[in-house]
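What the coordinates show
Next come the chains, spelled out residue by residue.
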Amino acid sequence: MSAQQILLVEGEADRGLYEALCQSWAITAEVKVSTPRDAGHRHNTKQAILQVLPQYLLQLNDGQIQRLGVVMDADSATHGGGFARTLAALAPVLAPHGYQPAPVNPPPGQPAPGLLFAHNDGLHPVGAWFMPNNADEGMVEDWIKACLHPNEHELMAHAQTAINQIPGGPKFKPLHRTKAEVATWLAWQAKPEHGLYHAAQPGLLNEQAPDLVAFRSWLERVFPG
């Protein structure tokens, strides 16, 4: 078996979804979806990814692992996130290890592809994807909403209406609205679930959705079969 291939993600909910997607799309079975806690960090967060990433970059350099991809939420610019700030936080972690962004230009009208950071000494590039689409604010739940199968649009709209009608108003913060919408939508499926991995079951996502196609294509570039 070749050296390990790692997809580093923010937390357990993300791990479940990306494992299910990799399995559904037959991404090479050697990809291990990992969180910061797997590397010994106390927390699973975006900041924790940045703190444990140097460990993985050293392992790439000495051949302990072969390929590496990172998925992080862009989050809200109002709360210190956004695509530009997330990229600005990641790039300086990669640069000292010889990785620089490789330009990837999408066709006109197509979603922004995930990033590849090329190595100056010929190692495999490090991939980076900022949810939802490498351009906008948001999180993985926004990606799920953008990739819904057309048959699910009505149910999602009903979930949004139900949240609008919560007696006394929602208890969650406004920035968690999308999380609540997706959790409600999942709770109303034939097999009610709240885990994000459940969104990967057949028929819930549109395999032709531009954002889904772009994310799958990025995974296949980072982890070619």
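Residues numbered from 1 in each chain as written. Predicted model: local features only at pLDDT ≥ 70, side-chain atom pairs only at ≥ 80, totals over all residues. Heavy atoms only, no water.

Our focus in this paragraph is the nonpolar core. Leu7, Tyr18, Trp143, Ile144 and Phe215 are the most contacted members of the largest nonpolar core, which has 37 residues in total. Mapped by element, the contributors of at least two residues to this core are helix 1 (12-24), strand 2 (31-34), strand 6 (126-131), helix 4 (140-146), helix 6 (177-187) and helix 7 (210-222). Contacts of Leu7, omitting those with residues within four sequence positions, involve Tyr18, Val31, Lys32, Val33, Ser34, Gly69, Val70, Val71, Trp218, Leu219 and Phe223. (Core = buried A, V, L, I, M, F, W, Y, C linked by side-chain atoms within 4.5 Å. Buried < 20%, exposed > 50% of the residue type's maximum accessible area, 1.4 Å probe, protein only. Helix = DSSP H or I, 4+ residues; strand = E, 2+ residues; numbered from the N terminus. Contact = heavy atoms within 4.5 Å.)

Sheets are built from strands paired through backbone hydrogen bonds, the pairs being either parallel or antiparallel. Ordered in space as 2-1-3-6-5-4, the 6 strands form an open sheet in which the pairing is mixed. Both edges of this open sheet fall to strand 2 and strand 4 (99-102), since each of them pairs with a single strand only. Along the sheet, successive strands turn relative to each other by an average axial angle of 25 degrees, direction set aside. Two elements, strand 3 (residues 65-73) and strand 6, share 6 bridges in a ladder whose sense is parallel. Across the sheet, residue Val70 finds its bridge partner in strand 6, namely Ala128. Across the face of the sheet, helix 1 comes into contact with strand 1 (4-8), strand 2, strand 3 and strand 6 while running at roughly 160 degrees to strand 2. Against the sheet, helix 3 (residues 83-94) engages strand 3, strand 4, strand 5 (115-119) and strand 6, with an angle of about 160 degrees to strand 6. (Pairing = 2+ DSSP bridges. Axes fitted to C-alpha atoms, helices over the stretch in contact; angles between N-to-C directions.)

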